[in-house]
Amino acid sequence: MLLDPACCDPLYRKAIRVSVGAALTTPFGRLEPGQDLVGLLESQGFEPIALSPRAEVTLADLARPARAAVIVGPEGPGLPDQLLARCRRVGVPMASGVDSLNVAVAAALALHHLRFVARG
């Protein structure tokens, strides 16, 4: 897991508690301020997939790339436009009147789809 400089500390006691300890076994790294996340991912052969309500493809229609990196942003403002412009934008269709999913739920759906459903 890659965290940007604004992400909370994954080893904060509440993060450990609500993750039922999984935060202690999940490898993570923190990007430096100004570091190019998309460039870093692409240089390592990953296709950056940004979850966004402004999607170009629905999650159900997403074919699994050879290597995918799912990018999620904060609930509310979401990911910055300049980052979205450089990624494949994927969305989860929702019922009328629902504007967004919890970021953890959206990430879990995307990761499950890429691992078990999508064909590459």
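Use the structure listed above.
Quantities reported herein were computed from a predicted structural model and do not represent experimental measurements. (Residues numbered from 1 in each chain as written. Predicted model: local features only at pLDDT ≥ 70, side-chain atom pairs only at ≥ 80, totals over all residues. Heavy atoms only, no water.)

A. Region of interest: the overall build of the chain. For the chain, the helix and strand inventory stands at four helices and six strands. Computed over C-alpha atoms, the radius of gyration of the chain comes to 15 Å, within 12% of the 14 Å expected from 2.2 N^0.38 for 120 residues, which places it in the range of a compact globule. Based on the C-alpha atoms only, the size of the chain along its principal axes is roughly 35 × 35 × 30 Å. Taken over 120 residues, the chain has a buried fraction of 27%. The long-range share in the chain, meaning contacts at least 24 apart out of those at least 6 apart in sequence, stands at 66%. Entry remark: accessible area of the chain is about 7,900 Å², with carbon and sulfur atoms responsible for 58%. Between the averaged position of the 12 positive side-chain charges in the chain and that of its 11 negative side-chain charges there is a distance of 8 Å. (Helix = DSSP H or I, 4+ residues; strand = E, 2+ residues; numbered from the N terminus. Rg over C-alpha atoms; globule rule 2.2 N^0.38 Å. Buried < 20%, exposed > 50% of the residue type's maximum accessible area, 1.4 Å probe, protein only. Contact = heavy atoms within 4.5 Å. Areas by Shrake-Rupley, 256 points an atom, 1.4 Å probe, with all protein chains shown as cover. Lys, Arg positive; Asp, Glu negative; His and termini not counted. Charge placed at Lys NZ, Arg CZ, Asp CG, Glu CD.)

B. Representation of the pattern of salt bridges within the structure. Tallied over the full model, the rule gives three salt bridges. Residues Arg-88 and Glu-47 are paired through a salt bridge, measuring 3.8 Å at the closest nitrogen-oxygen approach. Linking Arg-88 in strand 6 (residues 88-91) with Glu-47 in strand 3 (residues 47-51), this pair joins segments that are 41 residues apart in sequence. On the basis of relative accessibility, which here comes to 26%, the residue Glu-47 falls in the partly exposed class. (Salt bridge = Lys/Arg side-chain N within 4 Å of Asp/Glu carboxyl O.)

C. View of the nonpolar core. In this structure, Leu-31, Leu-37, Val-38, Leu-41, Ala-50, Ala-69, Ile-71, Leu-79, Leu-83, Leu-84 and Cys-87 together form the largest nonpolar core, which totals 11 residues. At the level of elements, helix 2 (37-43), strand 5 (68-71) and helix 3 (81-84) are the ones that each hand at least two residues to this core. Once you skip the residues sitting within four places of it in the chain, Leu-79 turns out to touch Ala-50, Leu-51, Arg-54, Ile-71, Val-72, Gly-73 and Leu-84. Counting nine residues, the second-largest nonpolar core is a separate cluster that includes Leu-59, Leu-62, Ala-106 and Ala-110. (Core = buried A, V, L, I, M, F, W, Y, C linked by side-chain atoms within 4.5 Å.)

D. Broad picture of the sheet that holds strand 5. The sheet built from four strands is open, its strands ordered 4-6-3-5 with parallel pairing. Of all strands in the sheet, those with a lone pairing partner are strand 4 (57-58) and strand 5, marking the two edges. For strand 3 and strand 6, the ladder comprises three bridges, and the chain directions are parallel. Within strand 6, the residue paired with Ile-49 across the bridge is Arg-88. (Pairing = 2+ DSSP bridges.)

E. Highlighting the environment of Leu-3. Of note, Leu-3 is situated in strand 1 (residues 2-3). For the pair Leu-3 and Ser-96, spaced 93 residues apart in sequence, the C-alpha separation works out to 32 Å. Setting aside residues up to four positions removed in sequence, Leu-3 forms contacts with Cys-8, Pro-10, Phe-28, Gly-29, Arg-30 and Leu-31.

F. Region of interest: the pairing of strand 6. Across two bridges, the pairing between strand 4 and strand 6 is parallel. Residue pairing in the sheet places Thr-58 in a bridge with Gly-91 of strand 6.

G. Structural view of the packing of aromatic side chains. Scanning the model with the defined rule gives zero aromatic pairs in all. Taking NZ or CZ as reference, Arg-67 lies 4.1 Å from the ring centre of Phe-46, over its face. (Phe/Tyr/Trp six-rings, centres within 6.5 Å; stacked < 30°, edge-to-face > 60°. Lys NZ or Arg CZ within 6 Å of the ring centre and 35° of its normal.)

H. Looking closely at unusual backbone geometry. Phi is positive for Val-20, close to 55 degrees, though the residue is something other than glycine. Mapped onto the elements of the fold, Val-20 is located in the loop between helix 1 (13-18) and strand 2 (29-30). With a relative accessible area of 76%, Val-20 lands in the exposed category.

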